[in-house]
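Listed below, chain by chain, are the residues.
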Amino acid sequence: MGSEFPTTRMRRLRYNATLREMLAEVRLSRHDLIAPLFVREGAGVQHEIATMPGQFQLSVDTAMETVRRWDGKGVPAVLLFGIPDAKDAVGSEAWNDDAAVQRLCRQIKAELPNVLVITDVCLCEYTEHGHCGTLTDRLDGCKDVDNDITLESLGKTAVSHARSGADIVAPSAMMDGQVGAIRSALDSAGFSPVAILSYAVKFASSMYGPFRDAAESAPTFGDRRTYQMDYRSPSQAIAEARADLDEGADMLMVKPGATYLDLIAAVKRSFDAPLAAYHVSGEYSAIKAAARLGWLDERSAAIEITSAMRRAGADLVITYFAEQLADWLRE
Ligand code: PBG
Ligand code: ZN
């Protein structure tokens, strides 16, 4: 054996602060961060989201000020979500080339071409019923999202984003075949260099509550459990990730991130594609709320939990703490 107390003293590895630093296997870097941003129509909008302190609904002009500031702090990438003025049954504003997301893409690419622009490709912000696609009547009479009709809308949306300059599109609707449909739509429109970051492993989660306030995308009836994954069924994660890679996904995502570290590790072990973890709204707001109450130290909690996602195997972290982390990491 030879690994027993008193011969083995693990504390020797922690005795010296310099050695602790040298032995750190996970090092957070601003280069790994992606900052989500909510953009809506209008001008001069800077509306703080009540359930997400420090996060805002912005218009294109104020969003540009924000992206400039983030770029100045070294945050390399943004993930854009749009909030339209008018919603309809199919979410057609999602593929309007003059909608807020598309205009913001063009402005970022014109002024800050080295900022990596990722767009969320989904329809729940754009449909009047708040579901992630076009509805149909099922055999049992219930309404549900029609998978294959929705694929066409997702393809058109991704092409509109690419035409506006998006570097990467990130489909989050959890429709079967969405990565393949988007890949072929992009390729036929001449956008073969545009990459797909697939929300491959996305669970139906209570942790998205604050986001739905931010994006005004809560479903008006029912929930998303016929398309988003069941958190009790982890083995489906590998099948979802494999299907998306087979359809042409360039990068994968696990979401939520902080509460699904087991699946970050499992996906990383099974596939060699770059992997992102999404530290989602509820996970962010829980830290913010506890910090406001004086129950947690915000900075150490945010750094520790972001490090945990990296330690589990995430190469990239999508986080509402991106700007603060960039500040903290610079100090
Ligand atoms: C859109 C989408 C959601 C999130 C990212 N893309 C909401 C949902 O699926 O209901 C959640 C992100 C967060 O909670 O921070 N489908
Ligand atoms: Zn959606």
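Preceding this section is the structure that the text describes.
First, a word on what this report is: a plain description of the structure on this page. In this convention, every chain numbers its residues from 1, walking through the sequence in written order. Chains carry letters from A onward and ligands carry numbers from 1 onward, assigned in written order. Where local features are concerned, this predicted model is filtered to residues with pLDDT of at least 70; where side-chain atom pairs are given and counted, the filter is 80 or more; whole-chain, interface and lining totals use all residues. Side-chain metrics in this entry use all non-hydrogen atoms of the structure; hydrogen atoms and water are not considered.

With respect to the overall build of the protein
From N to C terminus, the protein includes 11 helices and 12 strands. With the radius of gyration taken over C-alpha atoms, the globule rule is written as 2.2 Å times the number of residues to the power 0.38. The C-alpha atoms of the protein give 20 Å as radius of gyration, which agrees with the globular expectation for 331 residues (20 Å, within 12%). Seen through its C-alpha atoms, the protein measures out along the principal axes to roughly 70 × 45 × 40 Å. Three labels apply to residues, based on accessible area from a 1.4 Å probe with only protein chains included: buried if under 20% of the type maximum, exposed if over 50%, partly exposed otherwise in between. Relative to its full complement of 331 residues, the protein shows a buried share of 52%. The contact criterion used throughout is that any non-hydrogen atoms of two residues lie within 4.5 Å. The long-range share in the protein, meaning contacts at least 24 apart out of those at least 6 apart in sequence, stands at 72%. Exposure was quantified through the Shrake-Rupley algorithm and a 1.4 Å probe, taking into account, for residues, occlusion by the shown protein chains and nothing else. Here the protein displays about 15,000 Å² of accessible surface, and carbon together with sulfur accounts for 52% of that area. Runs of E in the DSSP output that reach at least two residues are strands. Runs of H or I that reach at least four are helices, and both are numbered from the N terminus.

Points about the packing of aromatic side chains
Working definition: rings of Phe, Tyr and Trp (its six-membered ring) pair if their centres are within 6.5 Å, and the pair is stacked with planes under 30 degrees apart, edge-to-face with planes over 60 apart, and tilted otherwise. Scanning the model with the defined rule gives 10 aromatic pairs in all. Between Y199 and Y278, the aromatic rings sit 6.3 Å apart at their centres with planes inclined by 45°, giving tilted as the arrangement. Here Y199 is found in strand β9 (residues 195–202), whereas its partner Y278 is found in strand β11 (residues 275–279), with 79 residues between them in sequence. Given the relative accessible area of 1%, Y199 is considered buried. Taken together through their ring pairs, the aromatic side chains of F38, F81, Y199, F211, Y278, Y284, Y320, F321 and W328 make up a single cluster. For K255, the ring lying beneath its charged end belongs to Y208, and the centroid distance is 4.2 Å. Charge over a ring is defined by NZ of Lys or CZ of Arg lying within 6 Å of the ring centre and within 35 degrees of the ring normal.

Some points on the coordination of the zinc ion (ligand 2)
Under perfect tetrahedral coordination by four donors, a metal shows angles of 109.5 degrees; under perfect octahedral coordination by six donors, it shows angles of 90 or 180 degrees. For the zinc ion (ligand 2), the protein coordination sphere consists of C122 (SG), C124 (SG) and C132 (SG), at 2.2 to 2.3 Å. Geometry at the zinc ion (ligand 2) is tetrahedral, judged from the 4 donor atoms that bind it and their angles of 97 to 121° at the metal. Note that water is not among the atoms used; donors are N, O and S atoms within 2.8 Å of the metal (3.2 Å for Na, K and Ca), so sites may look incomplete. Donor residues for the zinc ion (ligand 2), ordered by position in the chain, follow C-x1-C-x7-C. What makes C132 buried here is its relative accessible area of 0%. In short, tetrahedral needs four donors with all angles between 85 and 135 degrees, square planar needs four and octahedral six donors with opposite donors over 155 degrees apart and all other angles between 65 and 115, and whatever is left is irregular.

Comments concerning a nonpolar patch on the surface
Taken together, the side chains of M10, L13, M22 and L23 present a nonpolar region at the surface, about 400 Å² in accessible area. Following the sequence through the fold, M22 ends up in helix α1 (residues 17–23). Within the patch definition used here, like charges are joined within 9 Å and nonpolar side chains (Val, Leu, Ile, Met, Phe, Trp, Tyr) within 5 Å, considering only residues with over 30% relative accessible area and no salt bridge. Here, a salt bridge means any side-chain nitrogen of Lys or Arg that lies within 4 Å of a carboxyl oxygen of Asp or Glu.

Quick look at unusual backbone geometry
Looking along the chain, the bond that leaves F5 and enters P6 is cis, with omega of 10°. Of note, P6 is situated in the segment before α1. The peptide bond linking K255 to P256 adopts the cis configuration, its omega dihedral lying at -5°. By the secondary structure assignment, P256 is in the loop between β10 (251–255) and α8 (261–270). Backbone geometry at M174 places phi at a positive 60°, although glycine is not the residue there. Here the phi dihedral of E216 falls at roughly 50°; this positive angle occurs in a residue that is not glycine. Taking relative accessible area as the criterion, E216 reaches 35% and is therefore assigned partly exposed.

Things to note about the packing of helix α10 (residues 298–312) against helix α11 (residues 322–330)
Axis angles are defined between N-to-C directions and span 0 to 180 degrees, where every axis is a line fitted to C-alpha atoms and, for a helix, only to the segment in contact. Look at α10 against α11: their axes get within 11 Å of each other, and the N-to-C directions meet at 100°. One way to sum up the angle between α10 and α11 is to call them roughly perpendicular. On α11, the residues that touch E298, R299, A302, I303 and T306 of α10 are Q324, L325 and W328. By the definition adopted for this analysis, an angle is roughly parallel if under 35 degrees, roughly antiparallel if over 145, roughly perpendicular if from 65 to 115, and oblique otherwise.

A short note on the nonpolar core
Only buried residues count toward a nonpolar core, which is a set of Ala, Val, Leu, Ile, Met, Phe, Trp, Tyr and Cys residues joined through side-chain atoms within 4.5 Å. If you look at the biggest cluster of nonpolar residues, it comprises 104 residues, and the most contacted ones within it are I108, L186 and Y278. Those residues within four positions of L186 in sequence are excluded, and the remaining contacts are A158, V159, A162, V169, F191, S192, V194 and I196.

Examining the pairing of strand β4 (residues 77–83)
Of all 7 residues that make up β4, 7 are buried, and the element is covered over most of its length. Of the two faces of β4, the one holding A77, L79, F81 and I83 and the one holding V78, L80 and G82 are both buried throughout. Summarising the sheet, strand β1 (residues 33–40) and β4 pair through 7 bridges and their orientation is parallel. If you follow A35 over to β4, its bridge partner there is V78. Seen with its strands pointing away from the viewer, a crossover is right-handed when the path leading from the first strand over the helix to the second is clockwise. The parallel pair β4 and strand β5 (residues 116–121) is bridged by helix α3 (residues 100–111), and the resulting crossover is right-handed. Any two strands between which DSSP finds at least two bridges are classified as paired.

Looking at a positive patch on the surface
A surface patch of like charges, here positive, comprises R9, R11, R12 and R14. Considering the arrangement of structural elements, one finds R14 in the segment before α1. Charge counting treats Lys and Arg as positive and Asp and Glu as negative, with His and both chain ends excluded. Here the site of a charge means NZ on Lys, CZ on Arg, CG on Asp, or CD on Glu.

Side note on α11
Residues of α11 that are buried: A322, E323, L325, A326 and W328. If you follow the buried residues of α11, they end up packed against β1, α2 (60–72), α10 and β12 (316–319).

Let's talk about the pairing of β10
Taken across its 5 residues, β10 has 5 buried, putting it largely inside the fold. The side-chain alternation of β10 yields two buried faces, one formed by M251, M253 and K255 and the other by L252 and V254. In this structure, β9 lies alongside β10, joined through 4 bridges in parallel fashion. Counterpart to L197 in the pairing with β10 is M251. Examined bridge by bridge, β10 and β11 share 3 bridges and lie parallel to one another. Residue pairing across strands places M253 opposite A276, the latter belonging to β11. Handedness of the crossover joining β10 and β11 through α8: right-handed.

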